[in-house]
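Descriptive analysis of the structure
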Amino acid sequence: MGAKNSEIAMRLHQRPALYIAFALSCVSTGNAIEPISTSIAVGMAAALTGLLAIYPNMLCSIHECCQEEWIAMNSTGLKETLEGKLFGQHLATQVILKAVTGFVNNKKPKKPLVLSLHGWTGTGKNLVSQMIAEHLYRKGMKSGFVHQFVSTAHFPHADHIDSYKDQLQQWVRGNVSSCARSLFIFDEMDKMHPGLIDSIKPFLDYYETMDGVSYRQAIFIFLSNAGGEKITKVALDFWNEGKKREEIQLKDLETAVSLEVFNNKKSGFWHTSLIDKNLVDFFVPFLPLEIKHVRMCVKEELKSRNKKPDEDIVNAVVEEMTYFPKDEKIFSDKGCKTVEKKLDYHL
């Protein structure tokens, strides 16, 4: 048994990545592993520190680290995904692609990237935040450097707001300290208690460092239904005037949306210093989806399930959705949000 143990230990030492993985498993599980004896496992774990000193990047070959092999912008992939799977959102596609790729390629940004995505439910805001994560981190949304907050889940009680502020600051500070290229996603901003988001204002500003930590490589994304009415009004005006929705430009909406959410007590951004100090880099409007876009969503969902396009099923799902205004029935009132469940029913 001793000769066998020595032979296995020698083979592991000759393959550092395997050695590290085995040692880590021994330490983390604390279980006896046959035919390697406990003494061999303990010895391997004790040698781990020295081995990592010799092979400093070896651990990152088997475990997610804040390095380029785990974090690298796939601009081509992001472009293809935005153009192929985000329907009816020409403004969001243009702004997100340029803003994110430009920021990541900038080696010396002067502040973090701050994006605020606005529009009715089901128009693609969550989808876009997932796309960014999937094309920036090797593990996508499962990356340890992606942090998602949902207002109703993480900050439910108004009387705990002071505690939430402290926790939020500690969470952002701690995670950026561990990895400068961290992504923070704040969902349901329109349900966030007024004043809470201001607690992270210092991290979004132009400071080079704060308490020795630089936040300039981080990305913050806010998702909100607030501003949806203004966006819908502009889209409807263009439709009534016989103009194509693709003619809508960012300048037609960005300022109006920022003012609306700033003055809305239920937006999460009410009189926030983030807007007052111009710390939000882009207010990205998501337009209401038309029937043709819902149809695209259904076909894409079928494709993702490896199902052939079935026009009868597509038509059934599209017809079950509800649209507004009542007479014209131009826009889906839930976007594509309920497409998945309706498709479950018809398959």
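Look a little higher up for the structure.
The present account deals with the structure reproduced in this document. Source: prediction; values computed, not measured. (Residues numbered from 1 in each chain as written. Predicted model: local features only at pLDDT ≥ 70, side-chain atom pairs only at ≥ 80, totals over all residues. Heavy atoms only, no water.)

1. Considering the overall build of the protein chain
Along the protein chain, the regular secondary structure elements total 15 helices and seven strands. Among the 347 residues that make up the protein chain, the fraction classed as buried is 45%. In the protein chain, the share of contacts with a sequence separation of at least 24, taken over all contacts with a separation of at least 6, comes to 72%. (Helix = DSSP H or I, 4+ residues; strand = E, 2+ residues; numbered from the N terminus. Buried < 20%, exposed > 50% of the residue type's maximum accessible area, 1.4 Å probe, protein only. Contact = heavy atoms within 4.5 Å.)

2. Considerations on the layout of surface pockets
Reported here for the largest pocket is a volume of approximately 940 Å³. Residue lining of the largest pocket: 30 residues in total, with Gly122, Gly124, Leu127, Cys336 and Lys337 positioned closest to the centre. Sorting the residues of the lining of the largest pocket by element identifies helix H4 (75–85), helix H6 (125–136), strand E4 (219–224), helix H13 (291–304) and helix H15 (339–346) as the ones contributing at least two each. The biggest single contributor to the lining of the largest pocket is H6, with six residues. Of the residues in the lining of the largest pocket, the class split is nine nonpolar, ten polar and eleven charged. Empty space within the second largest pocket amounts to approximately 210 Å³. Looking at the second largest pocket, the residues that line it are Cys66, Gln67, Glu68, Ile71, Ala72, Met73, Val104, Asn105, Lys107, Leu136 and Arg181. Each residue belonging to the lining of the second largest pocket can be placed in one class, and the counts come to six nonpolar, two polar and three charged. (1 Å grid on protein atoms, 1.4 Å probe; cavity = no way out; pocket = protein on both sides within 12 Å on 5 of 7 lines; lining within 4 Å. Points joined across faces, edges and corners; volume = space filled by probe spheres on them. Nonpolar A, V, L, I, M, F, W, Y, C, P; charged D, E, K, R; others polar.)

3. Overview of the environment of Ile291
Structurally, the position occupied by Ile291 is in helix H13. Sequence separation between Ile291 and Ile330 is 39 residues; the distance between their C-alpha atoms is 6.9 Å. Those residues within four positions of Ile291 in sequence are excluded, and the remaining contacts are Val318, Tyr323, Lys329 and Ile330.

What is shown is where atoms sit, not what they do.
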